[in-house]
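# Geometric and topological summary
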Amino acid sequence: MNQHIPVITVDGPSGSGKGTICKLLAEATGYSLLDSGALYRLTALACIKAGVNTADESQVTQQAQQLQIEFKVTPAQVLVLLAGQDVTQAIREEVVGMTASTVAAYPAVREALLQRQRNFQQAPGLVADGRDMGTVVFPAAPLKIFLTASAEERARRRVKQLEEAGVKGVNSEKILQDIQARDERDQNRSAAPLIPAADALVLDSTQMSITEVHNSIMAEAKSRKLLAAGEN
Ligand code: DC
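Summary of the structure given here. (Residues numbered from 1 in each chain as written. Predicted model: local features only at pLDDT ≥ 70, side-chain atom pairs only at ≥ 80, totals over all residues. Heavy atoms only, no water.)

Let's shift gears to the packing of helix α2 (residues 36-50) against helix α5 (residues 107-118). Two quantities define a packed helix pair, namely the angle between the helix axes and the distance between the axes. Between α2 and α5, whose axes approach to 11 Å, the crossing angle comes to 135 degrees. Comparing the axis directions of α2 and α5 gives the class oblique. Judged by the sense of rotation from one axis to the other, the crossing of α2 with α5 is right-handed. For the pair α2 and α5, the contacting residues are Ser36, Leu39, Tyr40 and Thr43 in the first and Val109, Arg110, Leu113 and Gln117 in the second. For the contact of α2 with α5, a count of residues per class yields four nonpolar, three polar and one charged. (Axes fitted to C-alpha atoms, helices over the stretch in contact; angles between N-to-C directions. Helix = DSSP H or I, 4+ residues; strand = E, 2+ residues; numbered from the N terminus. Parallel < 35°, antiparallel > 145°, perpendicular 65-115°, else oblique. Left-handed = near helix turned anticlockwise from the far one by under 90°. Contact = heavy atoms within 4.5 Å. Nonpolar A, V, L, I, M, F, W, Y, C, P; charged D, E, K, R; others polar.)

With that settled, consider the sheet that holds strand β5 (residues 85-86). Spatially, three strands are ordered β3-β4-β5 in an open sheet, and the strand pairing comes out antiparallel. The two strands at the open ends of the sheet, each matched to only one other strand, are β3 (69-73) and β5. With two bridges connecting them, strand β4 (residues 78-82) and β5 associate as antiparallel partners. Looking at β5, one finds that Leu81 is bridged to Asp86. (Pairing = 2+ DSSP bridges.)

Among the structural elements, Ile69 can be located in strand β3. Between the alpha carbons of Ile69 and Leu39 there is a distance of 8.7 Å; along the sequence they are 30 residues apart. Once you skip the residues sitting within four places of it in the chain, Ile69 turns out to touch Leu39, Leu42, Leu81, Leu82 and Arg116.

Here we come to the packing of aromatic side chains. What the rule picks out here adds up to one aromatic pair. Ring centres 6.0 Å apart and planes at 75 degrees place the aromatic pair Phe71 and Phe120 in the edge-to-face group. Of this pair, Phe71 sits in strand β3 while Phe120 is found in the loop between α5 and β6 (126-130), placing the two residues 49 residues apart along the sequence. Among the residues examined, Phe71 registers a relative accessible area of 27% and is labelled partly exposed. Given a relative accessible area of 22%, Phe120 falls into the partly exposed group. (Phe/Tyr/Trp six-rings, centres within 6.5 Å; stacked < 30°, edge-to-face > 60°. Buried < 20%, exposed > 50% of the residue type's maximum accessible area, 1.4 Å probe, protein only.)

What follows deals with the sheet that holds β6. If you trace the five strands from one edge of the open sheet to the other, you get β2-β6-β1-β7-β8, paired in parallel fashion. What marks the edges here is a single partner per strand, and that holds for β2 (32-35) and β8 (201-204). For this sheet, the mean inter-axis angle between neighbouring strands, taken without regard to orientation, is 20 degrees. Across four bridges, the pairing between strand β1 (residues 7-11) and strand β7 (residues 143-148) is parallel. Bridge pairing links Ile8 to Leu143 in β7. Running at roughly 40 degrees to β2, α2 makes contact with β2 and β6 of the sheet.

Turning our attention to the site of the ligand. Not every one of the 17 residues close to the ligand is listed here, only the nearest: Ser36, Arg41, Arg110, Arg131 and Arg189. Arg110 places a side-chain nitrogen or oxygen 2.8 Å from an oxygen atom of the ligand. Protein burial of the ligand: of its 450 Å² of free accessible surface, 95% is covered by the chains. Elements with a minimum of two residues in the shell around the ligand: α2, α4 (94-103) and α8 (172-188). Here the shell around the ligand gets four residues from one element, more than from any other, and that element is α2. Broken down by class, the residue content of the shell around the ligand amounts to four nonpolar, four polar and nine charged. (Near = heavy atom within 4 Å. Polar contact = N/O pair within 3.5 Å; in protein donor to acceptor, adjacent residues only side chain to side chain. Areas by Shrake-Rupley, 256 points an atom, 1.4 Å probe, with all protein chains shown as cover.)

Shape descriptors only; they carry no functional weight alone.
Take a look at the structure:
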């Protein structure tokens, strides 16, 4: 139905820079933004709050189906509300990320969140950030990016981010291990594993700055006529 509304999909592992790149792309194109990871994080948080055993797929799926969520755009940031409560910070906690990776492995949970994600495809276009945006959710997207970086570089970025946020005693070895454990789960699950779509442009950002990644995606969007040549 929405097939004519362009979607730029950006998939890749945690810490590859997808979040930052997607925000920049949305600003530069005027497209809206889907942070699909937030939906899995919200499901995880809803389970934690409800005391649901995350080993029980049907109970987790029920939480995903019943999610009452809202993304409130403010000039400073996008607020994420769960059942009317501001959970913007809470969903970013490490424990929620780990739980999200567990609940995201359930096919019924992914199915429950599929239509919600597709509803974000609104004019003038959408930048979709996730793991299976190009393979499952928007397979007809005219521009698919798979953004990656070495696990060591992604751990280094995460440590820097935590230290800049004033977190003391950051354990870089543990962060690298967590990243590797999450990669392993995301790549090896049978439901929508983290793999590049056959028609994705693979960018390795290990040695690239954010500006270089942004510029190369914008150049690609222009060459595919998604944007006018003058747009930056
Ligand atoms: O990108 P993120 O760290 O916010 O994602 C949280 C978890 O959700 C991550 O472990 C992978 C999972 N996820 C997914 O399976 N599919 C998506 N489209 C987005 C995230």
